[in-house]
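Observations on chain architecture
Take a look at the letters that make up each chain.
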Amino acid sequence: MITIEQLESYSQKNSQEVLVIKAKENEEEVEIMIFKGFSSNLSGATNFDPDLPILSPTAQIITIDRLWSPYNPANPNYIQRGLIPSEFIHLMKVKQ
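Structural notes, computed from the coordinates. Please read these numbers as outputs of a predicted model, since none were measured by experiment. (Residues numbered from 1 in each chain as written. Predicted model: local features only at pLDDT ≥ 70, side-chain atom pairs only at ≥ 80, totals over all residues. Heavy atoms only, no water.)

**Looking at the pattern of salt bridges**
With the rule as written, the count across this model stands at two salt bridges. Between Arg66 and Glu17 there is a salt bridge; the shortest N-O distance is 2.7 Å. Placement of Arg66 in strand β4 (residues 60-68) and of Glu17 in strand β1 (residues 17-25) is noted, with a sequence separation of 49 residues between them. This pair shows no difference in class: Arg66 is buried, exactly as Glu17 is. For Glu31, the salt bridge identified is with Lys22, shortest N-O distance 3.4 Å. Overall, the relative accessible area of 27% leaves Glu31 in the partly exposed class. (Salt bridge = Lys/Arg side-chain N within 4 Å of Asp/Glu carboxyl O. Helix = DSSP H or I, 4+ residues; strand = E, 2+ residues; numbered from the N terminus. Buried < 20%, exposed > 50% of the residue type's maximum accessible area, 1.4 Å probe, protein only.)

Structure follows, in structure tokens:
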């Protein structure tokens, strides 16, 4: 299992990348973007307090997309798409 905190930490260390996360939160699918360690909710409101987690501990991360920054939603530049959490954990170990 991977946490949003681990993804934010990865994003801080790999600032040339943008992560787009698809997750399930309370039976609802949400989309989160992480860039330079900061998360934003793309499918709803983002809390103004950066100390509050963007996802609850019970949320399930479904897929992770890696994109080159700067992010352009009209023309996204993907590095990898649709990684499942176990694949991303392996990638984090390889990149250390």
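On we go from here.
**Examining unusual backbone geometry**
Residue Pro70 follows Ser69 across a cis peptide bond; omega there is 0°. Its place among the elements puts Pro70 in the loop between β4 and β5 (78-83). Backbone geometry places Lys36, a non-glycine residue, at a positive phi of 50°. Relative to the helices and strands, Lys36 resides in the loop between β2 (28-35) and β3 (38-41).

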